[in-house]
Amino acid sequence: MAAIDLADIDPTELDTRIWNEELADFVPDRVFDVHTHIYRWAFDLDPNKVTGPFADNIGRFFPEVTWELADQVDATLMPGRQMERLAFPFPFPHPCDFDGSNDYLAREVAKGRNSAGLMLVHPGMGAGEIEATLRRTGHIGFKPYRFYSTTGDAVQCRITDFMPEHQIAIADRYGLIILMHISKRDAIADRENIDDIKWLSAKYPRAKWILAHCARSYSAWAIEQAAAEIRDLPNVWYDTSTVCESDALDALYTGVGIDRVMYGSDDMIGPMRGKYVAFGKAWSYLSPTNHAMSLAHCDPRMTYIRYEQLRAMKRGARQIGLSNAQREALFYGTARALVDSVSPFA
Ligand SMILES: [Zn+2]
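Being a predicted model, the structure only gives us computed values, none of them experimental. (Residues numbered from 1 in each chain as written. Predicted model: local features only at pLDDT ≥ 70, side-chain atom pairs only at ≥ 80, totals over all residues. Heavy atoms only, no water.)

Student: Could you give an account of the overall build of the protein chain, with specific residues and numbers?
Tutor: Along the backbone of the protein chain there are 13 helices and 13 strands. Here the C-alpha atoms of the protein chain give a radius of gyration of 19 Å, agreeing with the 20 Å that 2.2 N^0.38 yields for 346 residues. Taking the principal axes of the C-alpha coordinates as reference, the protein chain spans close to 60 × 45 × 40 Å. Going through the 346 residues of the protein chain one by one, you find that 58% of them count as buried. In the protein chain, of all internal contacts separated by at least 6 residues, the share reaching a separation of at least 24 is 79%. Seen as two clouds, the 37 positive and the 47 negative side-chain charges of the protein chain have centres 3 Å apart. (Helix = DSSP H or I, 4+ residues; strand = E, 2+ residues; numbered from the N terminus. Rg over C-alpha atoms; globule rule 2.2 N^0.38 Å. Buried < 20%, exposed > 50% of the residue type's maximum accessible area, 1.4 Å probe, protein only. Contact = heavy atoms within 4.5 Å. Lys, Arg positive; Asp, Glu negative; His and termini not counted. Charge placed at Lys NZ, Arg CZ, Asp CG, Glu CD.)

In C-alpha cells form, the structure reads like this:
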C-alpha cells in the first residue's frame, strides 16, 4: 500500500460527496475560526525533535503554517466561505522559541482580515515580558499549554500549574482572552478543574476564557458531569475544535448553552483524514494508518477530521433544534463579539 500523505488535502470523490450531501447547507457564508495554529516547525528547538512525537505529523506534513496555507485549507474544505480567525502558535515542548513563535504569528495575522492572535506563554514569564510582547505583537490574549506545567506533569496538572495567577491577573486587568486546553485524565469532569475554573473566573471577572475542544470533552460524559456547575459562568466560552462525536456536541449545547459555543478548527488537524473516536473514558485519533479494521464490506476511505467534526456539530444540534440565527452565531457572531470585546493593547 502506498504511504498516505496527510498533507494531500485535495478532496477525493468521497470528501466531495460528504460536503455536498451533509455539510454544505450547514456551514454559513461567514465563519470565524477561534482555534488555528500558525507556526513553523523550526520553533521547536528540541535537538532530538526528528525522533520526537511531532516528527511524524507536524514535522512531516505541515512544517510551516502560513496564513495563506490556512486560507488554502479552508477554501478547499469549505469552499466559498469568508474566513476570519483567532490564531496562536503551536505549543512545542521546551525548548520552544516563544519570541519567534509570537512574532511570526503577528506577521501572519496581519495578512488576514478582521483576525487576531494569542501569545504563547509559559509560567516563567513575568508581567514585564508579557506586556512588552503584547505591545510589540498586538496579540489579544494568551495561549498557555500543559506541556509547560511547573509540576513537570503534563497529564495531571491543574490550570494554575501552567497558567499562573499572575498571568491571569494580566488578562483580567486588560480584559484579554485565555485559550485553555485543560489537562487531567477526566478533563472537565475532574473535581479540581471544575473548582479551578469556577474560582478563577470569579476572582478575575474580566479575563475571558475559551475552553478548547468542548472543554476537552471528546465524548459526552465529561461535559455532562460538569455542565450544571459551569454553565452560568459569564466569562467562559467553548470551542468545538476536533471533537467528532455528536453526543459530545449535544451535551455541550444543552449543558452550557449554544450561545457560549464557537466553531474552531485546530488546523492543521482539520485537513488530516481520520476521526477522533471515543470509547470508555478514552479518546484518540483514528487515522488511515493506525488501525487494523477489516473494511472490505464498505467504502474504506476516511474523510477529513474537519468533516467528521462538522457532522458532529450538525447532528449534535438536533435536540436543541438549532435556528438559523443560532447557527450563524455558532460559526461567526459569538466569536466576532468576543474578539471585538477586547481592546487593543496599548
Ligand atoms: Zn489546538
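Student: Any chance you could break down the coordination of the zinc ion for me, citing the residues and the numbers?
Tutor: Taken together, the protein ligands of the zinc ion are His35 (NE2), His37 (NE2) and Asp266 (OD), with distances of 2.1 to 2.2 Å. In the primary sequence, the donor residues of the zinc ion line up as H-x1-H-x228-D. With His35 in strand S1 (residues 30-37) and Asp266 in the loop between strand S11 (261-262) and strand S12 (275-279), the pair connects residues that are 231 residues apart, well separated along the chain. Neither residue differs from the other here; His35 and Asp266 are each classed as buried. (Donors = N, O, S within 2.8 Å, 3.2 Å for Na, K, Ca; no water.)

Student: So what's going on with the packing of helix H5 (residues 127-137) against helix H7 (residues 165-174)? Residues and values would help.
Tutor: Look at H5 against H7: their axes get within 10 Å of each other, and the N-to-C directions meet at 45 degrees. In terms of orientation, H5 and H7 fall into the oblique class. As for the relative orientation of H5 and H7, their crossing is right-handed in sense. Taken together, the residues of H7 that come into contact with H5 (itself represented by Ala127, Ile130 and Glu131) are Gln167, Ile170, Arg173 and Tyr174. Here the contact of H5 with H7 is composed, by residue class, of four nonpolar, one polar and two charged. (Axes fitted to C-alpha atoms, helices over the stretch in contact; angles between N-to-C directions. Parallel < 35°, antiparallel > 145°, perpendicular 65-115°, else oblique. Left-handed = near helix turned anticlockwise from the far one by under 90°. Nonpolar A, V, L, I, M, F, W, Y, C, P; charged D, E, K, R; others polar.)

Student: Tell me about empty space enclosed by the protein, residues and numbers included.
Tutor: Overall, the coordinates contain one cavity of 30 Å³ or more when judged by the stated rule. Quantified by volume, the largest cavity comes out at close to 40 Å³. Around the largest cavity sit Ala187, Arg216, Ser217, Tyr218, Ser219, Trp221, Ala222, Ala278, Ala282 and Trp283, which together line it. Listed by contribution, the elements that provide at least two residues to the lining of the largest cavity are helix H10 (220-230) and strand S13 (282-286). Residues belonging to the lining of the largest cavity are distributed by class as follows: seven nonpolar, two polar and one charged. (1 Å grid on protein atoms, 1.4 Å probe; cavity = no way out; pocket = protein on both sides within 12 Å on 5 of 7 lines; lining within 4 Å. Points joined across faces, edges and corners; volume = space filled by probe spheres on them.)

Student: Explain the nonpolar core to me, and be specific about the residues and the numbers.
Tutor: Ranked by size, the top nonpolar core spans 121 residues in total, and within it Phe142, Trp209 and Leu310 carry the most contacts. Among the elements that line this core, the one with the most residues is H10, at seven residues. Look past the residues within four positions of Trp209 in its chain and what remains in contact with it is Ile159, Ile168, Ile178, Met180, Ile197, Leu200, Ser201, Asn235, Val236 and Trp237. (Core = buried A, V, L, I, M, F, W, Y, C linked by side-chain atoms within 4.5 Å.)

Student: I'd like to hear about the sheet that holds strand S4 (residues 82-88), residue by residue, with values.
Tutor: Taken in spatial order, the three strands make up an open sheet running S1-S4-S5, and their pairing is parallel. Each edge of the open sheet carries a strand with a single partner, namely S1 and strand S5 (116-117). As paired elements, S1 and S4 share six bridges and run parallel to each other. What sits directly across from Asp33, in S4, is Arg85. The strands touched by helix H3 (residues 67-77) within the sheet are S1 and S4, with S4 carrying the most contacts at an inclination of about 135 degrees. (Pairing = 2+ DSSP bridges.)

Student: So what's going on with the layout of surface pockets? Residues and values would help.
Tutor: For the largest pocket, the calculated volume is near 1000 Å³. Lining the largest pocket are 39 residues; nearest its centre among them are Phe54, Asn57, Ile269, Tyr276 and Tyr285. Only S1, helix H2 (58-61), helix H9 (212-216) and S13 provide two or more residues apiece to the lining of the largest pocket. Considered class by class, the residues forming the lining of the largest pocket number 20 nonpolar, ten polar and nine charged.

Student: Before we move on, could you go through the sheet that holds strand S9 (residues 208-211) and cite the residues and values that matter?
Tutor: Here we have six strands laid out as an open sheet, ordered S6-S7-S8-S9-S10-S11, and parallel in their pairing. The strands lining the two open edges of the sheet, one partner per strand, are strand S6 (119-120) and S11. Sheet topology places S6 next to strand S7 (residues 141-143); two bridges connect them, and they run parallel. Bridge pairing in S7 places Leu120 opposite Lys143. In this fold H7 packs onto S7, strand S8 (177-180) and S9, with an angle of close to 145 degrees to the strand it touches most, S7.

Student: I'd love a proper account of the pairing of S8, names of residues and values included.
Tutor: A two-sided burial pattern is seen for S8, the buried positions comprising Ile177 and Leu179 on one face and Ile178 and Met180 on the other. Strand direction decides the pairing type here: S8 and S9, joined by four bridges, are parallel. If you follow Ile178 over to S9, its bridge partner there is Trp209. In this fold, S8 hands off to helix H8 (residues 191-203), which returns the chain to S9; that crossover is right-handed. (Right-handed = clockwise from strand over helix to strand, strands pointing away.)

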